[in-house]
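Each chain is listed here by its residues.
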Amino acid sequence: MLEQFVGLILLLILGISIVVLVGSALVGRRLHLRPLHGYQALPVQLGRVIEEGQSLHLCLGSGGAGGSDTATTLAGLAVLDGLAEESAATDVSPLVTVADPTTLMMAQDILRRAYARQGNPKGYDPTSVRYVAAAPLPYAAGVMELLSGQEASTNVMAGVFGAEAALIADQGAQLGLTQIAGVADPAALSVLYPAVNHLAVGEEMFSAGAYLRGLPAHIASLRAQDIARGVLFVFILLLAVPQALSKLLGG
Amino acid sequence: VKTRAPLLAVFTAVIGGLTLLTYFVPVFLPEANWAESLRGGLVEWAIIVAAFALLAGVANLTRVHAANIVRGHSRLNSFVLLASMWVMAPLLYVADMVYGGKSLAQGVSGVYMTSLYQYILVPVQATLVALLPFFLALAAFRAFRLRSTGRGTGATLAVFLFLLTAIVVLLGQVSLFKPLNLPILEERLSAARAWLMQVVVMGGMRGILLGVALGVTATALRVLIVIGQDSPASD
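Residues numbered from 1 in each chain as written. Chains lettered and ligands numbered in written order. Predicted model: local features only at pLDDT ≥ 70, side-chain atom pairs only at ≥ 80, totals over all residues. Heavy atoms only, no water.

Draft legend 1. The overall build of chain A, seen in detail. Scanning chain A from terminus to terminus reveals nine helices and six strands. Over its C-alpha atoms chain A spans a radius of gyration of 20 Å, differing by no more than 12% from the 18 Å that the globule rule assigns to 251 residues. A separation of at least 24 residues holds for 71% of the contacts in chain A among residues at least 6 apart in sequence. Accessible surface, chain A as shown: approximately 10,400 Å² in total, 61% of it carbon and sulfur. Side chains of chain A carry 13 positive and 19 negative charges; the gap between the two charge centres is 11 Å. (Helix = DSSP H or I, 4+ residues; strand = E, 2+ residues; numbered from the N terminus. Rg over C-alpha atoms; globule rule 2.2 N^0.38 Å. Contact = heavy atoms within 4.5 Å. Areas by Shrake-Rupley, 256 points an atom, 1.4 Å probe, with all protein chains shown as cover. Lys, Arg positive; Asp, Glu negative; His and termini not counted. Charge placed at Lys NZ, Arg CZ, Asp CG, Glu CD.)

Draft legend 2. The arrangement of the overall build of chain B in detail. What chain B contains, in helices and strands, is eight helices and zero strands. Counted from the first residue to the last, chain B has its helices and strands arranged as α-α-α-α-α-α-α-α. If you take every contact in chain B between residues at least 6 apart in sequence, the share linking residues at least 24 apart comes to 32%. Accessible surface for chain B amounts to roughly 15,900 Å². Of this, 73% is attributable to carbon and sulfur atoms.

Draft legend 3. Region of the structure containing helix H7 (residues 183–225) of chain B. Residue and element names in this part refer to chain B. Taking 1.5 Å per residue, 43 residues should reach 63 Å; H7 reaches 61 Å between its end C-alpha atoms and fits that length. Met-202 marks where H7 bends most, by close to 35°. Within H7 the residues assigned to the buried category are Glu-186, Leu-189, Leu-196, Gly-211, Val-212, Leu-214, Gly-215, Ala-218, Thr-219, Leu-221 and Arg-222. (Expected span 1.5 Å × (residues − 1). Bend = angle between axes of the 7 residues up to and from the residue. Buried < 20%, exposed > 50% of the residue type's maximum accessible area, 1.4 Å probe, protein only.)

Draft legend 4. Representation of the nonpolar core in the model. Residue and element names in this part refer to chain A. Among the nonpolar cores identified, the biggest contains 63 residues, and Tyr-39, Leu-42, Leu-58, Val-79, Leu-80, Val-96 and Leu-111 are the most heavily contacted of them. Looking at this core element by element, the count peaks at nine residues for helix H3 (residues 70–90). With 32 residues, the next largest nonpolar core counts Val-132, Leu-137, Met-144 and Leu-189 among its residues. (Core = buried A, V, L, I, M, F, W, Y, C linked by side-chain atoms within 4.5 Å.)

Draft legend 5. Inspection of the packing of helix H1 (residues 2–26) of chain A against helix H9 (residues 216–248) of chain A at higher detail. All names here are of chain A. As a packed pair, H1 and H9 sit with axes 8 Å apart at the nearest point and diverge in direction by 140°. Between H1 and H9, the crossing angle belongs to the class labelled oblique. The way H1 lies across H9 gives a crossing that is right-handed. Every residue of H9 that contacts H1 at Leu-10, Ile-13, Leu-14, Ser-17, Ile-18, Leu-21, Val-22, Ala-25 and Leu-26 is listed here: Pro-216, Ala-217, Ala-220, Ser-221, Arg-223, Ala-224, Gln-225, Ile-227, Ala-228, Val-231 and Leu-232. Along the lines of polarity and charge, the residues of the contact of H1 with H9 split into 16 nonpolar, three polar and one charged. (Axes fitted to C-alpha atoms, helices over the stretch in contact; angles between N-to-C directions. Parallel < 35°, antiparallel > 145°, perpendicular 65-115°, else oblique. Left-handed = near helix turned anticlockwise from the far one by under 90°. Nonpolar A, V, L, I, M, F, W, Y, C, P; charged D, E, K, R; others polar.)

Draft legend 6. Highlighting the packing of H3 of chain A against helix H4 (residues 101–117) of chain A. All names here are of chain A. Contact geometry of H3 with H4 gives a least axis separation of 9 Å together with a crossing angle of 25°. On the basis of their axis angle, the class for H3 and H4 is roughly parallel. In this structure, H3 meets H4 at a crossing whose hand is right-handed. On H4, the residues that touch Thr-73, Leu-74, Leu-77, Leu-80, Asp-81, Ala-84, Glu-85, Ser-87 and Ala-88 of H3 are Thr-103, Met-106, Ala-107, Ile-110, Leu-111, Ala-114, Tyr-115 and Arg-117. Along the lines of polarity and charge, the residues of the contact of H3 with H4 split into eleven nonpolar, three polar and three charged.

In structure tokens form, the structure reads like this:
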């Protein structure tokens with residue numbers, strides 16, 4: 001019961017912060033974003049890909065909608081959303097690979113809408129989003145094979161990954177690709193840290209929409225996260241400091 | 001599409017909000033069992049709807065690999081994949097229906113299907129997993145070489161600490177110094193490894209997981225509260 005009550009309080013803090021911050025963003029107040037190299041490098045990299053006439057590969061991982069991975073998958077899709085507009089405008093569609101059919105449908109929808117907004121609905125190719133396999137390891141193997149046959153210069157990984165991310169990252173490194181990753185799983189973080197050029201760690205991956213599209217709702221939810229983190233930090237200090245002091249003083 | 005979009009957004013937000021609320025009903029109404037069954041029903045519906053997406057997945061896979069065969073690109077891989085999906089699996093399903101599980105050699109749970117799984121898929125996956133440590137060692141070496149050239153002392157120090165930690169943890173895990181009769185060194189390395197894992201790694205991991213939990217919650221709330229702005233139902 002206590003856990004549910006604490007959870008409810010945290011949800012209320014986050015919910016109220018999002019509503020207030022979205023409101024203030026809509027009336028024109030600018031919300032500051034701290035620098036985050038991974039996502040700031042992404043539009044530059046996309047520009048380079050377009051100039052060089054090559055392609056960008058985006059791995060959305062093995063997560064899908066409907067389970068505990070939904071939010072992480074949505075964060076990965078926010079990366080695609082951030083890239084889709086410019087890709088549609090220049091008709092250089094990224095190659096997107098997924099391992100869950102629900103993610104396939106959402107990714108196709110994001111690209112289709114971006115092409116429609118740019119007035120080029122016929123330019124959209126549904127096969128630019130590919131369902132590779134239904135499990136993480138076969139997915140990684142399939143992506144490795146795709147990367148080796150593709151004229152890609154950049155590999156972006158954003159979504160649900162485990163240790164199998166190392167296989168994809170190694171293939172990318174062997175091909176000399178610029179690699180950007182955003183993952184939440186500690187196992188994936190530890191294997192990707194030495195292998196990629198830019199890494200969005202943990203909660204940073206949920207900020208793609210704020211950095212890439214600057215949408216008020218995304219910026220507001222990022223700021224709300226910071227507020228909730230501050231509240232949690234104070235709570236942890238309040239609980240941990242007396243315990244540490246009592247241990248030190250031999251109480 | 002424009003007139004339907006707000007309705008879809010409201011419908012999604014209401015269902016999502018309702019599912020979320022059912023988690024907190026017991027806080028105020030401890031006797032209310034209906035909340036759990038309502039949530040179970042809604043989640044079950046979501047799973048059923050998501051299952052239909054598999055048809056889109058199969059269609060996508062077929063389209064991409066059929067095009068590969070026509071273009072002559074990775075023809076063998078694509079052919080094996082399509083044959084497995086469209087010939088073998090339906091044949092085994094039909095066999096299962098005809099024999100009704102009476103014949104061991106036939107059917108989905110029969111010897112053909114389980115052999116394919118046991119002797120092809122499992123060994124291939126195990127081989128890939130076994131390769132991971134080598135990929136990681138190579139990646140660490142590559143990172144050390146790249147980041148230590150022209151990236152400033154901060155990056156070099158970070159990579160140096162990364163490698164040093166990896167070496168201490170590895171040497172603290174294996175009994176490498178036992179044959180050399182160096183018990184003090186082995187003890188120290190083991191203690192250093194335990195400290196690194198219990199204090200540094202655990203602290204960092206908890207921090208990351210806390211941040212991820214906040215990110216997941218904020219994303220879910222954003223989708224529910226400001227659904228009209230950036231959700232798939234918005235256009």
